[in-house]
Structures are given as structure tokens and as C-alpha cells.
Amino acid sequence: MTDLLNGIPRVDPTAEPSWMLRAVGGILSTGLGSTIHRHVMAPLDGPLMRLTNGHFHFGKGTIPLVVLRSTGAKSGIARDVPLGYFTDGDDVILIASNYGQARHPSWYYNLRKNPRCELFPDGRLDGGGHFVARLAEGADRDRLFALAEGYASNFASYAVKTDGVRTINVFRLSPDAGV
């Protein structure tokens, strides 16, 4: 098995999380930490990654990030968003948590309408590849979400926040053989 999956580094969610990831997960589990990240740090990550060709972002050295390039569900315009991820077999896994908010993240709607997308490791446009997204369902979704909760503790707090409001969806992104 290669260390890259269509240009994206493989990430084992069963590996022991680093102390930094545990600390960040704890911070993001709080209302204040989640709000600051959602409104300040996350919006700056994309521009920082582009400006530094992936050499800097707020999660650098803490959590693996990819930039998801999807087609806007309403606009039809390419949209880029940095996201944490892990891999499962030959798929990249994305969790549509939106910090435990009542609404799905905008990229969720984009992938539902237009499942063909691109992923760039750390936002580096010289790497990555084309993928096709599909929702994980049933036992597969539950297993993948449990892996996410074990990998980054903030996902458990997001599940509590959305309990009875919405299901946090999980996407499997498979390399696109049609490109």
C-alpha cells in the first residue's frame, strides 16, 4: 500500500493522536474554541495555504488538512475549503460536522449535487487528484464516525450538539478513474 492515495497522504485514524491533536480537539470541543476557529482561523486557513503553497496553516503539524475543491450547488462556481480528513482503505474520509451547528456545511450540499471534486494536500495545487464523493450510510457511516471521534475528540462534542437536530454525515471520496 502506497503512502499516497491519488496524491493525498494516507492518515490512519486508529493511530494514537498526538498531544497537539488531543489539545486542539479539546479546545474545539468548547463553545468558545469552536466559535473562534469557525469565525477567525478557518476563514484564514485557505488564503494562508494558497499564499504559502501549503507550507503554513493553523493546523500545520496538528491535523492533516486537504483543500476540497467542489462545484457550488447553486452557483456552479468552484469552491475551495480546507478540511481535516483521514483515510479508510482506498478512500479519503470527510466529516460534515460544521462544528456541531444545526445546518450542514455548504460543501456538503456541493458534494451532494456535484460529487466529482478535487483534493489538494495542505492546499498545494501541485499535488492531489480527482475524486468522486458518496455518503457513507448505516453501519459504515457509524464506524467511520466512531473512528473520527477517537481520532479527534471534538467530533464527540459535535455529535452531542446535533443530537436530535441532524445527523452528521460522513463522505467517502474515491479516486475518480474517469478523469
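Residues numbered from 1 in each chain as written. Predicted model: local features only at pLDDT ≥ 70, side-chain atom pairs only at ≥ 80, totals over all residues. Heavy atoms only, no water.

- In the annotation of an unreviewed UniProt entry, the entry for the protein chain reads Nitroreductase, and the organism field reads Mycolicibacterium moriokaense.

### Side note on the pattern of salt bridges
- Following the criterion strictly, the structure yields 12 salt bridges and no others.
- Two residues, R141 and D142, come together in a salt bridge whose shortest N-O distance is 3.2 Å.
- Each member of the salt-bridge network shares a partner with another, and the members are D88, D91, R134, D140, R143 and R172. (Salt bridge = Lys/Arg side-chain N within 4 Å of Asp/Glu carboxyl O.)

### Focus: the packing of helix α4 (residues 138-151) against helix α5 (residues 154-162)
- Between α4 and α5, whose axes approach to 6 Å, the crossing angle comes to 125°. Looking at the two axes, α4 sits oblique to α5. In this structure, α4 uses F145, A148 and E149 to contact α5, whose residues at the interface are F155, A156 and A159.
- A per-class count over the contact of α4 with α5 returns five nonpolar, no polar and one charged. (Axes fitted to C-alpha atoms, helices over the stretch in contact; angles between N-to-C directions. Helix = DSSP H or I, 4+ residues; strand = E, 2+ residues; numbered from the N terminus. Parallel < 35°, antiparallel > 145°, perpendicular 65-115°, else oblique. Contact = heavy atoms within 4.5 Å. Nonpolar A, V, L, I, M, F, W, Y, C, P; charged D, E, K, R; others polar.)

### A few points about α4
- With 14 residues, α4 extends 20 Å from end C-alpha to end C-alpha; this agrees with the ideal 20 Å at 1.5 Å per step.
- Those residues of α4 that fall on the buried side of the exposure criterion are R141, L144, F145, L147, A148 and Y151. Considered in projection along α4, the buried side chains sweep an arc of 155° and stay on one side of the axis. Away from its buried face by more than 90 degrees, α4 exposes A139 and G150. (Expected span 1.5 Å × (residues − 1). Buried < 20%, exposed > 50% of the residue type's maximum accessible area, 1.4 Å probe, protein only. Arc of directions from axis to C-beta.)

### Comments concerning the side chain of S34
- Assignment of secondary structure puts S34 in helix α2 (residues 31-51).
- The buried category is assigned to S34, whose relative accessible area is 1%.
- Ignoring anything within four residues of it in the chain, the contact list for S34 reads I27, L28, Y99, Y158 and K161.

### Describing the confidence of the model for the protein chain
- For the protein chain, the mean per-residue pLDDT works out to 90, and 98% of the residues sit at or above 70.
- At the low end of the mean pLDDT range in the protein chain sits helix α1 (residues 19-28), at 81; at the high end sits strand β6 (residues 91-96), at 98. (pLDDT = per-residue confidence, 0-100.)

### Let's talk about the pairing of strand β8 (residues 129-135)
- As judged from the four bridges shared by strand β7 (residues 116-121) and β8, these two strands associate in the antiparallel manner. Paired with C117 across the two strands is F131, which belongs to β8.
- For β8 and strand β9 (residues 169-175), the ladder comprises five bridges, and the chain directions are antiparallel. Within β9, the position partnered with A133 by the bridge is L173. (Pairing = 2+ DSSP bridges.)

### Overview of unusual backbone geometry
- Unlike most non-glycine residues, N6 shows phi in positive territory, near 55°.
- Tracing the chain through its elements places N6 in the loop between β1 (4-5) and β2 (8-9).
- A positive phi angle, near 50°, is found at N98, a position not held by glycine.
- Position of N98 relative to the elements: it lies in the loop between β6 and α3 (106-113).

### Considerations on the side chain of N154
- Turning to its location among the elements, N154 is positioned in helix α5.
- N154 gets classed as buried once you look at its relative accessible area, which sits at 7%.
- Excluding anything up to four places from it in sequence, N154 contacts G25, L28 and S29.

### Regarding α1
- Taken as a whole, α1 has its buried residues at L21, G25 and L28. One side of α1 carries all its buried residues, which in axial view fall inside an arc of 65°. Within α1, the exposed residues directed more than 90 degrees away from the buried face are W19 and I27.
- On its buried face, α1 is in contact with α2, α4 and α5.

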